[in-house]
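If you want the building blocks of each chain, they are given just below.
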Amino acid sequence: MRSLIRSAVVCPDYSKNYPAISYGKGIYLYDESGKEYLDASSGSCAVSNLGYGITEIADIIREQSLKVSVLPTHAFSSRVVADYFDTLVDFAPPGFEKVWTVTSGTEAVESAIKLALQYHRIKGDEKRYKVISRNTSYHGNSVFMLDIGGMPIRKRIYSQWMNHFPHISAANIYRKPADLSEAGYVDMLASEFEQTILEGNPDTFAALVLEPVVGAAMGSVPAPAGYLERMYEICKRYGLLFISDEVMTGFGRIGTRFGIEKFNVIPDIIAAGKGISGGYFPLSAVMASKAVMEPFVQQNNFFLGGHTYACNPLGAAVGQFVISYIKKNNLVQNANIQGDYLKERMKRLYKYDIVGDIRGEGLLLGIELVEDKATKKPFPPEMNIAKRVGELALAEGVVLYPGKGSCDGFTGDHILLSPPLIINEEQCNMIVDVLDLCIEKVVGVAV
Ligand SMILES: Cc1ncc(COP(=O)(O)O)c(C=O)c1O
């Protein structure tokens, strides 16, 4: 049976043949030769939170397609969409009132920013347009979102369209200045944020956007203690809206419904994606607090965020099922329990000199690989250390999500783990065994 595919598909590496997956079941994918892969990435990545092959979802998509698959939203609403939006608001932190769905994480974060800008306009704050974000962050792949994000390698090709907005330092405890305590580090980052606002005319800033736990860009780096609270306070002091990018961290991924709930902050706007549909439909959402929506409602102004598949009934039907499945199967709790178990097990990997940091929250975990553990010096990027671990693991039947740039946007190798939230201890053990084997092999040739 054929298991490798060469075709007209645009792929990340033309020198390779990719195994062709024929189906998935639970947390496993199966290629055409029958080889089984444990998907410790959940698609690319943190998407297939419920696992693969859920027949009820196939039934729901069929039934809803037969009823109505798309609506002229300028003229109609529908019960399936209205019910889903109510469910989403109930699922969100307290104070959230309105929802808008689109189809990708990029559109969700961009729509969140547009909503923030429109909010300021409606309130008569015409001058507020600047969005602050952080270095080494990823918020989407449209040109606008690449500018907002802090990934120099991805921005390079579009350099003429970049650099409209300020970026502040990433918050990464592993790489904080050695002479600072965690609290001192948070002070430093908070004052950099405040200084950036003061130097750029506070009346021109519209919003701050960040991930509570940085996912793919840095390999699961949680916010330091007290950091998000300080950033929120500064936002409120200067009139910025606080946007939590929950495309990765939402829907139970880090052991809370939304990642921000692990911290003492209730954001103004949440952008969600990926796990919102478990990968069964292209779906994402912007969720806004009552305070943000008030001026829109009072002035009967609607959000100018039109997309063909916005507020789509098929997406709503799938999303409704996903929330009920998460609740029924206690997946938020399982992410906490299995995440703690997996992280604890992974600590045995510290025996390797190249394992610098093991970190993360819930089932969004990361390993940073370094050339020198004492100085935290990263590997030269051309060595592709994380990628090599990823390739070895794939051959062993485990899908990892290797990445680069966690140190400064260019250097720093990390492996992201974001297995489906249905994972059990035995499957966690398998991931760690394969990581152990593959890191050992890489150490054999790299050091
Ligand atoms: C934090 C974050 N925001 C936004 C996005 C963009 O989502 P999408 O790829 O669905 O457009 C991603 C994708 O990985 C992400 O990780």
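Scroll up a little and you will see the structure.
Residues numbered from 1 in each chain as written. Predicted model: local features only at pLDDT ≥ 70, side-chain atom pairs only at ≥ 80, totals over all residues. Heavy atoms only, no water.

Draft legend 1. Here's a closer look at the site of the ligand. Around the ligand, the structure places S104, G105, T106, Y138, H139, G140, E211, D245, V247, M248 and K274. One of the backbone nitrogen or oxygen atoms of G105 is found 2.8 Å away from an oxygen atom of the ligand. Side-chain polar atom of D245 to a nitrogen atom of the ligand: 2.8 Å apart, as the coordinates give it. Bound to the protein, the ligand loses 83% of the 390 Å² it would expose on its own. Of the residues that constitute the shell around the ligand, the class distribution is 3 nonpolar, 5 polar and 3 charged. (Near = heavy atom within 4 Å. Polar contact = N/O pair within 3.5 Å; in protein donor to acceptor, adjacent residues only side chain to side chain. Areas by Shrake-Rupley, 256 points an atom, 1.4 Å probe, with all protein chains shown as cover. Nonpolar A, V, L, I, M, F, W, Y, C, P; charged D, E, K, R; others polar.)

Draft legend 2. Region of the structure containing the side chain of T249. Residue position: T249 is located in the loop between β12 (241-246) and β13 (269-272). Side-chain polar atoms of T249 contact the side chain of E246, separated by 2.8 Å. Other than its neighbours up to four places away in sequence, T249 contacts P212, V213, I254, R257, F258, G259 and L364. (Helix = DSSP H or I, 4+ residues; strand = E, 2+ residues; numbered from the N terminus. Contact = heavy atoms within 4.5 Å.)

Draft legend 3. Inspection of the sheet that holds strand β5 (residues 36-39) at higher detail. The 4 strands lie next to each other as β3-β4-β5-β18, forming an open sheet whose pairing is mixed. A single partner strand is all that each edge strand has here, and the edge strands are β3 (21-25) and β18 (398-399). Bridge analysis of β3 against strand β4 (residues 28-31) gives 4 bridges, and the strand direction is antiparallel. In the sheet register, G24 faces β4, and the bridge partner there is L29. (Pairing = 2+ DSSP bridges.)

Draft legend 4. Examining the sheet that holds β12 more closely. Spatially, the 7 strands line up as an open sheet ordered β6-β14-β13-β12-β9-β7-β8, and their pairing is mixed. Looking along the sheet, the strands with just one partner apiece sit at the ends: β6 (96-102) and β8 (167-168). Here helix α9 (residues 290-298) sits on the sheet in contact with β6, β12, β13 and β14 (284-289), set at roughly 85 degrees to β14. (Axes fitted to C-alpha atoms, helices over the stretch in contact; angles between N-to-C directions.)

Draft legend 5. Molecular detail of the layout of surface pockets. The computed volume of the second largest pocket comes to approximately 790 Å³. Looking at the second largest pocket, it is lined by 32 residues, and the ones nearest its centre are F85, V99, W100, F302 and C311. Among the secondary structure elements, those contributing two or more residues to the lining of the second largest pocket are α3 (79-91), β6, β14 and α9. Element by element, the count of residues in the lining of the second largest pocket is highest for α3, at 5 residues. Its residues assigned to classes, the lining of the second largest pocket comprises 20 nonpolar, 9 polar and 3 charged. (1 Å grid on protein atoms, 1.4 Å probe; cavity = no way out; pocket = protein on both sides within 12 Å on 5 of 7 lines; lining within 4 Å. Points joined across faces, edges and corners; volume = space filled by probe spheres on them.)

Draft legend 6. Quick look at the pattern of salt bridges. Under the criterion given, the structure shown has 18 salt bridges. A salt bridge links R128 to D125; the nearest nitrogen and oxygen atoms lie 3.0 Å apart. In this structure R128 comes out as buried when scored by relative accessible area, which is 8%. A salt bridge links E361 to K262; the nearest nitrogen and oxygen atoms lie 3.0 Å apart. Of this pair, E361 sits in strand β15 (residues 355-361) while K262 sits in the loop between β12 and β13, and the two are 99 residues apart along the sequence. Judged by its relative accessible area of 23%, E361 is partly exposed. On the basis of relative accessible area, K262 is assigned to the partly exposed category, the value being 30%. (Salt bridge = Lys/Arg side-chain N within 4 Å of Asp/Glu carboxyl O. Buried < 20%, exposed > 50% of the residue type's maximum accessible area, 1.4 Å probe, protein only.)

Draft legend 7. Geometry of the pairing of strand β16 (residues 364-372). When you tally the buried positions in β16, you get 7 out of 9 residues, the bulk of the element. Two elements, β15 and β16, share 6 bridges in a ladder whose sense is antiparallel. Looking across to β16, one finds that G360 is bridged to L365. Taking the residues between adjacent antiparallel strands as the criterion, β15 and β16 are bridged by 2 residues, where G362 takes a positive phi near 55 degrees. Looking at chain direction, β16 and strand β20 (residues 413-417) are connected through 5 bridges and run antiparallel.

Draft legend 8. Expanded view of the packing of helix α4 (residues 105-122) against α9. Contact geometry of α4 with α9 gives a least axis separation of 9 Å together with a crossing angle of 55 degrees. Between α4 and α9, the angle falls in the class oblique. Handedness of the crossing formed by α4 with α9: left-handed. On α9, the residues touching L115, Q118, Y119 and I122 of α4 are A291, V292, M293, P295 and F296. Tallied by class, residues from the contact of α4 with α9 come to 8 nonpolar, 1 polar and no charged. (Parallel < 35°, antiparallel > 145°, perpendicular 65-115°, else oblique. Left-handed = near helix turned anticlockwise from the far one by under 90°.)

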